[in-house]
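Each chain, written out:
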Amino acid sequence: MATELLTRQVLPDTARVNPAGHLEIGGCDTVDLAHTYGTPLYVYDEATIRARAAQHRDTLRAVYPSSEVLYASKAYAAPWLLRLIRELDLGLDVVSGGELALAERVGFPMERVYFHGNNKTPDEVRRALELRLGRVVVDSFHELDLLARLAAELGRRQRILIRLSPGVEAHTHDYRKTGILDSKFGFPISTGQAEEAVQRALAAPSLELLGFHAHIGSGIYEMDGYAEATAIGFEFARQMRERHGLELREYSPGGGWGIAYTPADRPMPIPEVMRQLTRIVREAAQRTGLQPPRLVVEPGRSIVGTAGVALYTVGAIKVVPGLRTFVSLDGGMADNIRPAIYGARYAALLANRASEPPDGPVTLAGKYCESGDVLIKDIPLPAPRSGDLVAIPASGAYNLAMSSNYNLAYRPAVVVVADGEPRLVRRRETIEDLLATEL
Ligand SMILES: *Cc1c(COP(=O)(O)O)cnc(C)c1O
């Protein structure tokens, strides 16, 4: 199992099984990490984040110089990570006042921040204007009017993109599709609403419309959805130039490319995704007779997903004879709700017995009070014993970002590993943390 997880890039780049038969990440023995910091523990491999960021950034710069890679911080936003993203020369995509405030705290250059979201509040919009964000990606008429008015009040001219709903199907779970007509995100083209948004934006002196954005969803393993959405977006841009004199100066297909959660997943290598996207954009520009615009991509999961590994300790083991073996972990849906909300699938290994061959299948259950709190159903593992350490790879994106205090769970500690050195970047929560907001 461990070998397959390594060769299929489900585990971080620096992962290996050490001579003791333990999973090692970033030169650190995960059994030691669990011993030092307790479990559940999230371990991030810095080298993997650096490598994924560089793969996006360097390929895109080489094949399409007028471009920018933004890290979609909703995948995971923490001070250490946003500082690293800034150091790696990526821009940032934020979707809330909280993410924006964090970007401000770590001194992120605001001209490289893009602000998304289908219902930005007046306070959020005002803050974005005050901080002079690079772009606001406008998602509704309500927001368009609000932004135009507040920008005028502040005497600012805000650069914007309009988020299109191109009406294409991404091959992913329903909850992760965003480009279809029946979606809360963006202005539909087919209904004429996108064109009306363009007209209103062009008529507002306090707004500078640079182009369009069309994120079609997340967890996508094929490029055809991007090709389709981009073709539609560019044809729309051509019409807008013809009818309203709009020049397309910037275009973003969003993010969403998938990673390997299990050895069965076959994500395209990141440089290949970048090359294909640029080819798609160039072809769309050529077909419509438009100048190739500045290209902005927004990966989240593919920057941090593979870098993170969740570690849990096995507690109760319940055998239902002839049916199933439930192996209960000391975490679950409070730190990883993805299996419960969209049937996300994961692989696992026993980090303290990583070179042992599997026995029968077991079900890795969480400790929270929901029957749906199961992290992995029927996965072959060496028969687990209480006290074993379970590692679930590909836990770096959308786990902690969506984590909760359900059952008054304490959110896990987070440790970053690099060159054999662990660095605790977040301590485990305590009851005091949970009570800090209670009056
Ligand atoms: C979520 C999101 C992304 C990033 O998606 P990933 O699947 O993490 O790459 C990018 N852009 C927008 C607008 C998003 O909503």
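What counts, and at which threshold
- Residues numbered from 1 in each chain as written.
- Predicted model: local features only at pLDDT ≥ 70, side-chain atom pairs only at ≥ 80, totals over all residues.
- Heavy atoms only, no water.
- Axes fitted to C-alpha atoms, helices over the stretch in contact; angles between N-to-C directions.
- Helix = DSSP H or I, 4+ residues; strand = E, 2+ residues; numbered from the N terminus.
- Parallel < 35°, antiparallel > 145°, perpendicular 65-115°, else oblique.
- Left-handed = near helix turned anticlockwise from the far one by under 90°.
- Contact = heavy atoms within 4.5 Å.
- Nonpolar A, V, L, I, M, F, W, Y, C, P; charged D, E, K, R; others polar.
- Buried < 20%, exposed > 50% of the residue type's maximum accessible area, 1.4 Å probe, protein only.
- Pairing = 2+ DSSP bridges.
- Right-handed = clockwise from strand over helix to strand, strands pointing away.
- Near = heavy atom within 4 Å.
- Polar contact = N/O pair within 3.5 Å; in protein donor to acceptor, adjacent residues only side chain to side chain.
- Areas by Shrake-Rupley, 256 points an atom, 1.4 Å probe, with all protein chains shown as cover.
- Salt bridge = Lys/Arg side-chain N within 4 Å of Asp/Glu carboxyl O.
- Domains from an automatic or database assignment.
- Buried area = accessible area lost by both parts, 1.4 Å probe.

S.K.: Requested: an account of the packing of helix 6 (residues 122-130) against helix 7 (residues 141-153), with residues and values cited.
M.R.: Interaxial distance between helix 6 and helix 7 falls to 10 Å at its minimum, and their mutual angle equals 45°. As the angle between them shows, helix 6 and helix 7 are arranged oblique. Of the two possible hands of crossing, helix 6 and helix 7 adopt the one that is right-handed. Residues P122, V125, R126 and L129 of helix 6 touch helix 7, and the partners they reach there are L146, L147, L150 and A151. Within the contact of helix 6 with helix 7, the residues separate by chemical class into 7 nonpolar, no polar and 1 charged.

S.K.: Describe the pairing of strand 12 (residues 250-254), naming the residues involved and giving the relevant values.
M.R.: With 5 of 5 residues buried, strand 12 is to be regarded as a mostly interior element. Residues E250, S252 and G254 line one face of strand 12 and the alternating positions Y251 and P253 line the opposite face, and both faces are buried. Here 3 bridges tie strand 11 (residues 207-213) to strand 12, and the two strands are oriented parallel to one another. Directly across from F212, in strand 12, lies its bridge partner Y251. Read as a crossover between parallel neighbours, the route from strand 11 over helix 9 (residues 224-244) to strand 12 is right-handed. Here strand 12 pairs with strand 13 (residues 294-297) via 3 bridges, running parallel. Note that in strand 13 the partner of Y251 across the bridge is L295. Taken together, strand 12, helix 10 (residues 270-288) and strand 13 constitute a β-α-β crossover, and its handedness is right-handed.

S.K.: Quick rundown of the site of the ligand? Include the residues and the values.
M.R.: Around the ligand, 15 residues are found, and the nearest of them are K74, S218, E298, R301 and Y398. At 3.4 Å, a side-chain N or O of D93 approaches a nitrogen atom of the ligand. Measuring from a nitrogen atom of the ligand, one finds a side-chain N or O atom of E298 at 2.5 Å. Against a free-state accessible area of 390 Å², the protein chains account for coverage of 95% of the ligand. When the residues that make up the shell around the ligand are grouped by side-chain class, the tally is 3 nonpolar, 7 polar and 5 charged.

S.K.: Hey, could you go over the pattern of salt bridges for me, with residue numbers and the actual values?
M.R.: Within this structure, the stated rule accounts for 33 salt bridges. The salt bridge involving R157 is made with E208; its shortest N-O contact spans 3.8 Å. Taken together, the residues R157 in the loop between helix 7 and strand 9 (158-165) and E208 in strand 11 connect sequence positions 51 residues apart. It is possible to trace a salt-bridge network through shared partners that takes in R61, E68, D89, R112, R135, E250 and R294.

S.K.: Please provide a residue-by-residue account of the domain arrangement of the protein, values included.
M.R.: Parsing the protein into structural domains produces domain 1 (2-38 + 307-435) and domain 2 (47-302). Inter-centroid distance (C-alpha atoms) of domain 1 to domain 2 is 32 Å. Opposite the 26 residues of domain 1 that make contact, domain 2 presents 19 residues. When the buried surface of domain 1 facing domain 2 is broken down by residue, R8, Y342 and Y398 rank first, second and third, together holding 29% of it. Summed over the shared surface of domain 1 and domain 2, the result is 1 salt bridge. A salt bridge links R52 to D13; its shortest N-O distance comes to 2.8 Å. The tally of links between domain 1 and domain 2 comes to 4 residue pairs in polar contact (both at pLDDT 80 or more). Contributing elements (two or more residues each) for the side of domain 1 that touches domain 2: helix 1 (2-7), helix 12 (338-342), strand 20 (413-418) and strand 21 (421-426). For the side of domain 1 that touches domain 2, the residue count by class is 16 nonpolar, 3 polar and 7 charged.

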